[in-house]
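Each chain, written out:
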Amino acid sequence: MNTEPSILEVKDLKIHFDTFEGTAQVLDGCSFTLGRGDTLGLVGETGCGKSITAKAILGLLPVPPTRIVSGEIRFHSRDLLDLSEKDLEKIRGNQIAMIFQDPMTYLNPVFSIENQMIDVIRGHARHANKTVSRGAAREKAISLLNAVNIPNPRQRIGDFPHEFSGGMRQRVLIAMALAGDPEILIADEPTTALDVTIQAQILRLIGELVERFRHSVLLISHDLGVVAAVCRRIAVMYAGNIVELTTIERIFENPAHPYTRGLLRSIPNLARRKENLVGITGSIPDFIEPPRGCRFHPRCAHRMDVCQKVKPVLADIESEHRVACFLYESSWPSASRPEERIKPLP
Ligand SMILES: Nc1ncnc2c1ncn2[C@@H]1O[C@H](COP(=O)(O)OP(=O)(O)O)[C@@H](O)[C@H]1O
Ligand SMILES: [Mg+2]
């Protein structure tokens, strides 16, 4: 799909959670790639498995109750799922960094930004078997705060997290994520906690940083508008599956999956934040007893008999446009032939 060689390749990732009620089949075989300088948005309703995907990449899922049932997460051809916690620590932050939704959870309220950033910068150096003096780390921290457009970074660096506004705290968190000069930046709902104006500023900042430093970005959001502001490509996720994977232009011009079409109908006004989908009836299925076949079929206006029995394959309908839906012949598993297609339900 991507002309540049991929640096991250998630292949058929299946993740289950063991709960008291039973096993929740949360990720049901997700596959996507991320190339150098690539910007991929992962979009879907709350609860569809976006954060689980991000945490799996960073090895941050608690085991138990999480079980990685199958799949690979290849980073420069090494499978991250095979690495020890010690090796993962070297990659986390250094090569793959994460920006979360709520900066206050990740900033320590009792230490100044200066102390926290110096710790992060020196920690990265240690992982690379280098030493950085406090003074040099402080200078680097100031230049990072400058890069994320914090005014007067030399003065502000001594402040504590509560002395910054929500938007400024998110900038600090982005600066910290950049501290290890990562190849990949994963941002999980980075603007959801912010008001709309600040949200637009942070998205602009992420866009500028991508242009400037050529990071590869995986941007996660329930909001298609957020992803469209930064990303070139988009993966639409539904109930633990990627149902459509293509460019932003194509998603808006020619959405192929019925779920994607519903997603688009639900955002007539991008400024209005709304988590439920007005274009589609019903809600995300139970992960303990998910619908058989295509997990979207109970909500789909186009469902056919086969959709209730067989899982559609995510396959190309055009170059750079993959869809998992039996409305497209490419999604039929090779074992079941299109003649077996049964008329759509009324
Ligand atoms: N610790 C857990 N135990 C059981 N189920 C979980 C746990 N964490 C998340 N889940 C389930 O996994 C699904 C996906 O979660 P998540 O990846 O956080 O969704 P989102 O797309 O909103 O980021 C959710 O529907 C949730 O019910
Ligand atoms: Mg989430």
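Residues numbered from 1 in each chain as written. Chains lettered and ligands numbered in written order. Predicted model: local features only at pLDDT ≥ 70, side-chain atom pairs only at ≥ 80, totals over all residues. Heavy atoms only, no water.

1. Side note on the domain arrangement of the chain
Now for step 1: On domain assignment, one finds that the chain holds domain 1 (34-58 + 82-95 + 183-340) and domain 2 (102-181).
Now for step 2: Each of domain 1 and domain 2 has a C-alpha centre, and these two points are 31 Å apart.
Now for step 3: Taken residue by residue, the interface counts 17 residues in domain 1 and 14 residues in domain 2.
Now for step 4: When domain 1 packs against domain 2, the two sides together hide about 1,400 Å² of surface, and 62% of this comes from carbon and sulfur.
Now for step 5: Here domain 1 is connected to domain 2 by 0 salt bridges.
Now for step 6: Where domain 1 meets domain 2, there are 2 residue pairs in polar contact (both at pLDDT 80 or more).
Now for step 7: At the level of elements, α2 (85-91) and α8 (196-213) are the ones that each hand at least two residues to the side of domain 1 that touches domain 2.
Now for step 8: Per-class residue counts for the side of domain 1 that touches domain 2 are 8 nonpolar, 4 polar and 5 charged. (Domains from an automatic or database assignment. Contact = heavy atoms within 4.5 Å. Buried area = accessible area lost by both parts, 1.4 Å probe. Salt bridge = Lys/Arg side-chain N within 4 Å of Asp/Glu carboxyl O. Polar contact = N/O pair within 3.5 Å; in protein donor to acceptor, adjacent residues only side chain to side chain. Helix = DSSP H or I, 4+ residues; strand = E, 2+ residues; numbered from the N terminus. Nonpolar A, V, L, I, M, F, W, Y, C, P; charged D, E, K, R; others polar.)

2. Remarks on the site of ligand 1
Now for step 1: Within the structure, ligand 1 sits among Phe17, Thr19, Val26, Glu45, Thr46, Gly47, Cys48, Gly49, Lys50, Ser51, Ile52 and Phe287.
Now for step 2: In the complex, the protein chains occlude 64% of the 560 Å² of accessible area that ligand 1 would expose alone.
Now for step 3: Counting residues per element, the ones that place at least two in the shell around ligand 1 are β1 (6-19) and α1 (50-57).
Now for step 4: Considering every element that reaches the shell around ligand 1, the biggest residue donor is α1, with 3 residues.
Now for step 5: The residue makeup of the shell around ligand 1, split by class, is 5 nonpolar, 5 polar and 2 charged. (Near = heavy atom within 4 Å. Areas by Shrake-Rupley, 256 points an atom, 1.4 Å probe, with all protein chains shown as cover.)

3. What about the sheet that holds strand β4 (residues 66-75)?
Now for step 1: The sheet built from 4 strands is open, its strands ordered β2-β1-β4-β5 with antiparallel pairing. The sheet is open, and its two edges are formed by β2 (22-35) and β5 (78-79), each paired on a single side.
Now for step 2: In this structure, β1 lies alongside β2, joined through 11 bridges in antiparallel fashion. The residue bridging Asp18 from the neighbouring strand is Thr23, located in β2.
Now for step 3: Helix-sheet contacts for α1 involve β1, β2 and β4, and the interaxial angle to β1 is about 115°. (Pairing = 2+ DSSP bridges. Axes fitted to C-alpha atoms, helices over the stretch in contact; angles between N-to-C directions.)

4. A look at the pairing of strand β9 (residues 233-238)
Now for step 1: In terms of burial, β9 is a largely internal element, 6 of the 6 residues being buried.
Now for step 2: Burial of β9 is two-sided: the residues Arg233, Ala235 and Met237 facing one way and the residues Ile234, Val236 and Tyr238 facing the other way are all buried.
Now for step 3: Of the pairings in the sheet, the one linking β9 to strand β10 (residues 241-247) comprises 6 bridges and is antiparallel in character. Looking across to β10, one finds that Tyr238 is bridged to Asn241. (Buried < 20%, exposed > 50% of the residue type's maximum accessible area, 1.4 Å probe, protein only.)

5. Observations concerning the pattern of salt bridges
Now for step 1: Per the counting criterion, the structure on display carries 17 salt bridges.
Now for step 2: Arg156 is the salt-bridge partner of Asp159, the closest N and O atoms lying 2.6 Å from each other.
Now for step 3: Looking at Asp159, the relative accessible area reads 18%, which means it is buried.
Now for step 4: Judged by its relative accessible area of 22%, Arg156 is partly exposed.
Now for step 5: Within this structure, Lys11, Glu72 and Arg74 form a network of salt bridges that share partners.

6. Regarding the packing of helix α7 (residues 166-178) against α8
Any two packed helices are characterised by how steeply their axes cross, that is the angle between the axes, and by the distance between the axes.
Now for step 1: Where α7 contacts α8, the two axes come as close as 10 Å, and the packing angle between them is 20°. When the interaxial angle is binned, α7 and α8 end up roughly parallel. Handedness of the crossing formed by α7 with α8: right-handed. Two secondary-structure elements touch here, α7 through Gly167, Gln170, Arg171, Ile174 and Leu178 and α8 through Ile198, Gln201, Ile202, Leu205, Ile206 and Leu209.
Now for step 2: Here the contact of α7 with α8 is composed, by residue class, of 7 nonpolar, 3 polar and 1 charged. (Parallel < 35°, antiparallel > 145°, perpendicular 65-115°, else oblique. Left-handed = near helix turned anticlockwise from the far one by under 90°.)

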